[in-house]
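# Chain and residue survey
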Amino acid sequence: MRVSLFVTCLADQLWPAAARGAVQVLRRMGCAVEFDERQTCCGQPAFNTGYRPEACALARRLIEIFESSDADAIVSPSGSCTAMLHHYEQLFEDPGWRARARAVAERTHELSAFLVNRLGVDDVGASFRGRLTWHDACHGLRDLKIKDEPRRLLRRVRGVELVELPPPGAETCCGFGGTFSVKYPEISVAILDEKVDAIDRAGVDAVVSGDASCLMQIGGRLSRRGSAVRALHLAEVLASTA
Amino acid sequence: MSFDRDARAALADGQLRGALRHATTLFGERRRAAIAEVPDWEGARDRARAIKDETLLHLDRYLEQFAANAERAGAQVHWARDAAQACDIIAGIAARRGARTVVKSKSMATEEIRLNAALAARGIAPVETDLGEYIVQLAGEEPSHIVVPAIHKTKGQIAALFAEKLGMEPSDDVAKLAAAARQALRRRFAEADLGVSGVNFAVAETGTILILENEGNARLTTSLPRTHVALMGIEKVIPRFADLEVFLRLLPRSGTGQALTAYQSLLTGTKRHPADEGPEEFHIVLLDNGRSRMLASPVTRQTLACIRCGACLNACPVYRQIGGHAYGSVYPGPIGAVLTPQLLGMGESAELPYASSLCGACRDVCPVKIDIPAVLLHLRAQAVARGGSTGTRALLERLAFASYAAVMARPRLFGWLMACARRLHIVPPLGAWTKWRDLRPLAPRSFRDEWRAGLRHEGGR
């Protein structure tokens, strides 16, 4: 199967290990991976802050870029940016653009959902030593309904002990919310601290998630609080064969 | 109003946050347990939403049908364009009936029109009879939750309040506190000349209103005084009596986690015979106050499907931290953040649509599947397009997004700028982030650089 990587700007610039991990895992599963270097940002920051024309312009770009590829699927190491692509249709009034947006969205999958639901794999042949917990990133969980997929993949990684987060639990928001995290930093961190307290109580080596944005938020607070718990992207764990 | 400032004050209030954490968690758990008993919860949500959508598409027709049937049964129906007109109508009825004391059961619509202040200004004493509302009124505050008005208060604070205002022995025994309130309120019921209630649902085909409650105070409010006035937003109407079934399944479970509230009062018109019990006059005030504006677009229209259960407040990570008062609006939480700017206009409440991390927990728990994040985004786009805000922060934000869009449309410029930032160790001025969180530095090498350096080839590392 031929896969076009939708890298996302965050993974590209801040968390390349996630993008590299995605490429490695996809290749291990027999996919040929291509990457179109014209891609930058999907426009979500603009869309979520109310800058529709700016978001629309970036949406058109990315639709054209992915239309130019005849890959079987577009795969991203981000639930949030995948969900943004699935929202593209509502940015347009023009029926032509709506149809084009829908066609690209239908080909676009978040990494764990692609591996489990499209390729039908649970075991990606990874090994990683550690006690881990999973954080459900909101857009993956609620927009794309991804819940079991990453857990199934992590449970089959040799050496991994997966534990669920104690209350308020894996499904609660980490408080990031894009520009929300800097518009209302005190509220954002108050929400975050409940998450980080739960991670501390879980007694894990690392918290794993499918979005670099949540990981920046959670990881940034963990390290500020002097915690030894690491923040890891799912693709990093799945790529590991150590 | 400053959402930001009030939210920070709330975050510094340890008692408030303790009370909120306890109560929102409890209601969340009860809701989960209650909906687990319903065989087809999703189907019920879809049916309820379809009924609301159908009603809102033909709202004029259903309202006229409701009004005609209510009048036929003996009620007097009044149409109020806005809050001021609604207050005038109700105060006018009170004056004509010579009312000096008005008992009220729980109603967010009366909060919305600031009825208590309007009555007090005309020398009429409004008395809240719902326990939570009573506590809030005694404290000189406003409700901070649409179903649990005093959710922000601890038992200890209520005990101190009752000791001060009702002269009771300080006690944090809940039964004693409730008994003291009941004793004080029974006297007020006996002397009240007029009862004001809200409405949960209004049935077009019969002219019936339904009121749900747990304390029996709404039943007293609507039956003991000689006159009953019910205030309802125009979105409360539903077409058929049989439609109540699905809403009764959804509302108590979503709001308080109950299979059904302790009381359900169905009221149709006035008493038929002089010897019957109940008020002599029954008035229904239909309130628009900005609602018909929301009908224009399907995105905003769904706001009117809300049945005021409060589940979105309990589920919202923002509400759970700061409570209701920080929103500075009658309706707080996620539904308040979409409802208030639409009722009052953006000017006063342009901050509210931004008071959300867009996590979507509100949409998941909403019994009528309102896509609150979509409405929030719609209102954010309106706020930006309106360009009302001209402060330095707003201008900087505009500039930042214009530059962002320009750079992101040019991949080579983007790559070059990021390479410069990497080489020169440029850190963005994000004090709002770094005061509490470490900022992840740019990776030594971007993915696109790794790709070019060899990862592009099969087997490349």
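None of these values were measured; they are calculated from a predicted model. (Residues numbered from 1 in each chain as written. Chains lettered and ligands numbered in written order. Predicted model: local features only at pLDDT ≥ 70, side-chain atom pairs only at ≥ 80, totals over all residues. Heavy atoms only, no water.)

### Comments concerning the pattern of salt bridges
As a reminder, the rule being used: The salt bridge criterion pairs a side-chain nitrogen of Lys or Arg with a carboxyl oxygen of Asp or Glu, the two atoms within 4 Å. A run of DSSP states H or I qualifies as a helix once it reaches four residues; a run of E qualifies as a strand once it reaches two. Both are numbered from the N-terminal end. Burial status follows relative accessibility: with a 1.4 Å probe on protein chains alone, a residue under 20% of its type maximum counts as buried, one over 50% as exposed, and anything between as partly exposed.
A complete count under the given rule lists 52 salt bridges over all chains for this structure. Notably, a salt bridge pairs B:Lys153 with B:Glu141, separated by 3.0 Å at the nearest N-O pair. Of the two residues, B:Lys153 is situated in the loop between α8 (131-138) and α9 (155-166) and B:Glu141 in the loop between α8 and α9; the sequence distance between them amounts to 12 residues. On the accessibility criterion, B:Lys153 (15% relative accessible area) is buried. B:Lys165 is the partner of B:Glu164 in a salt bridge, and the nearest nitrogen-oxygen pair spans 4.0 Å. The exposure class assigned to B:Lys165 is partly exposed, which follows from its relative accessible area of 44%. Look at the salt bridges and you will find they share partners, linking A:Asp136, A:Lys147, A:Arg151, A:Glu164 and A:Glu171 into a network.

### Observations concerning the domain arrangement of chain B
Think of interface size as the accessible area that goes away when the parts come together; that is how it is often given. Let me state the cut-off plainly: Each domain's extent was defined by an automatic or database domain assignment.
Examined at the domain level, chain B breaks down into domain 1 (1-37 + 300-389), domain 2 (58-289) and domain 3 (401-455). Between the C-alpha centres of domain 1 of chain B and domain 3 of chain B there is a distance of 33 Å.

### Some details on the sheet that holds strand β5 (residues 127-135) of chain A
Residues and elements named next belong to chain A. The condition that has to hold: At least two bridges found by DSSP between two strands are what make those strands a pair. Only the contacting stretch of a helix is used when fitting its axis, a line to C-alpha atoms as for every element, and angles between N-to-C directions run 0 to 180 degrees.
One open sheet accounts for four strands, arranged β6-β5-β7-β8; its pairing is parallel. Two strands in the sheet have a free side with no partner beyond their single neighbour: β6 (158-163) and β8 (230-233). The average undirected angle you get between the axes of adjacent strands in this sheet is 40°. Inspection of the sheet shows β5 paired to strand β7 (residues 206-209) by four bridges, in the parallel sense. Each bridged residue has a counterpart across the sheet, and for His135 the counterpart in β7 is Ser209.

### Structural notes on the packing of helix α4 (residues 52-67) of chain A against helix α21 (residues 392-408) of chain B
We count it as follows: Roughly parallel here means an angle under 35 degrees, roughly antiparallel means over 145, roughly perpendicular means 65 to 115, and every remaining angle is called oblique. Whether two residues are in contact is decided by their heavy atoms: any pair within 4.5 Å suffices. Following the grouping adopted for this structure description, the nonpolar residues are Ala, Val, Leu, Ile, Met, Phe, Trp, Tyr, Cys and Pro, the charged ones are Asp, Glu, Lys and Arg, and the polar ones are all others, Gly among them.
Their axes nearest at 10 Å, the elements α4(A) and α21(B) cross at an angle of 10°. Between α4(A) and α21(B), the angle is such that the two are roughly parallel. Where α4(A) approaches α21(B), its residues A:Glu54, A:Leu58 and A:Arg61 are matched on the opposing element by B:Phe401, B:Tyr404, B:Ala405 and B:Met408. Of the residues assigned to the contact of α4(A) with α21(B), the class counts are five nonpolar, no polar and two charged.

### Brief notes about the packing of aromatic side chains
Describing an aromatic ring pair means giving the distance of the ring centres and the angle of the ring planes. Note the following rule: Aromatic pairs are defined between Phe, Tyr and Trp rings, using the six-membered ring for Trp, whenever the two ring centres lie within 6.5 Å; interplanar angles under 30 degrees are classed as stacked, those over 60 as edge-to-face, and all others as tilted. Put simply, a charge is over a ring when the Lys NZ or the Arg CZ is close to the ring centre, within 6 Å, and near the line of the ring normal, within 35 degrees.
The final tally for this structure, using the stated rule, is 14 aromatic pairs over all chains. For the pair B:Tyr134 and B:Phe162, a centre-to-centre distance of 6.4 Å together with 65° between the ring planes defines the contact as edge-to-face. Taken together, the positions of B:Tyr134 in helix α8 and B:Phe162 in helix α9 put the pair 28 residues apart, joining distant regions of the chain. No difference in accessibility class separates B:Tyr134 from B:Phe162, as the two residues are buried. Grouped by ring-pair contacts, the aromatic residues A:Phe180, A:Tyr184, B:Phe3, B:Tyr319 and B:Tyr327 constitute a single cluster. If you follow A:Arg100 out to its NZ or CZ, it ends over the ring of A:Trp97, 4.1 Å from the centre. Positioned above the aromatic ring of A:Trp15 is the side chain of B:Arg440, whose terminal nitrogen or guanidinium carbon lies 3.3 Å from the ring centre.

### Brief notes about the state of the cysteines
We count it as follows: Whenever a pair of cysteine sulfur atoms sits within 2.5 Å, that pair is classed as a disulfide.
Following the criterion strictly, the structure yields zero disulfides over all chains and no others. With no disulfide of its own, A:Cys9 has A:Cys41 as its nearest cysteine by sulfur position, at a separation of 3.7 Å. The exposure class assigned to A:Cys9 is buried, which follows from its relative accessible area of 19%. Cysteine B:Cys306 remains unbridged, with the sulfur of B:Cys312 as its closest cysteine sulfur at 6.6 Å.

### Considerations on the nonpolar core
To be explicit about the condition: In this text, buried Ala, Val, Leu, Ile, Met, Phe, Trp, Tyr and Cys residues form a nonpolar core when linked through side-chain atoms within 4.5 Å.
With 127 residues, the main nonpolar core has A:Tyr88, A:Ile187, B:Phe66, B:Ile209 and B:Ile322 as its most contacted residues. Of all the elements, α4(A) adds the most residues to this core, at eight residues. The residues contacting B:Ile209, other than those within four sequence positions of it, are B:Phe66, B:Val199, B:Phe201, B:Ala202, B:His228, B:Ala230, B:Ser265, B:Leu266, B:Leu267, B:Phe282 and B:Ile284. Grouped together as the second largest cluster of nonpolar side chains are 39 residues, A:Leu26, A:Val124, A:Trp134 and A:Leu234 included.

### Observations regarding the domain arrangement of chain A
All names here are of chain A. So the rule is basically this: Defined in terms of a 1.4 Å probe, buried area is the accessible area two parts forfeit on being brought together, summed over both. In protein, a polar contact means a hydrogen-donor-capable atom and an acceptor-capable atom, both N or O and within 3.5 Å, with residues adjacent in sequence counting only if both atoms are side-chain atoms; elsewhere, any N or O pair within 3.5 Å suffices.
Domain annotation of chain A identifies domain 1 (2-117) and domain 2 (122-239). Look at where the C-alpha atoms of domain 1 and domain 2 centre, and you get two points 22 Å apart. At the junction of the two partners, domain 1 supplies 29 residues and domain 2 supplies 29 residues. Taken together, both faces of the contact between domain 1 and domain 2 bury some 2200 Å²; the carbon and sulfur share is 69%. Per-residue buried area on domain 1 facing domain 2 is highest for Trp15, Arg28 and Val116; these three make up 27% of the total on that side. Inspection of the region where domain 1 meets domain 2 yields zero salt bridges. Across the contact surface, domain 1 and domain 2 share 13 residue pairs in polar contact (both at pLDDT 80 or more).

### Comments concerning unusual backbone geometry
Residue and element names in this part refer to chain A. A cis geometry characterises the amide bond from Pro167 onward to Pro168, with omega recorded as 5°. Mapped onto the elements of the fold, Pro168 is located in the loop between β6 and α10 (180-183). Despite not being glycine, Thr8 has its phi angle at roughly 75°, a positive value. Note on placement: Thr8 falls in the loop between β1 (2-5) and α1 (9-13).

### Brief notes about the interface of chain A and chain B
Contact residues are listed per partner, giving 63 residues for chain A and 66 residues for chain B. In this assembly, chain A packs against chain B so that about 5800 Å² is buried in total across both faces, 58% of it on carbon and sulfur atoms. Viewed at the interface, chain B and chain A are joined by 10 salt bridges. For the pair chain A and chain B, the number of links is 37 residue pairs in polar contact (both at pLDDT 80 or more). With nine residues, the single largest contributor to the side of chain A that touches chain B is helix α11 (residues 185-202) of chain A. Broken down by class, the residue content of the side of chain A that touches chain B amounts to 29 nonpolar, 17 polar and 17 charged.

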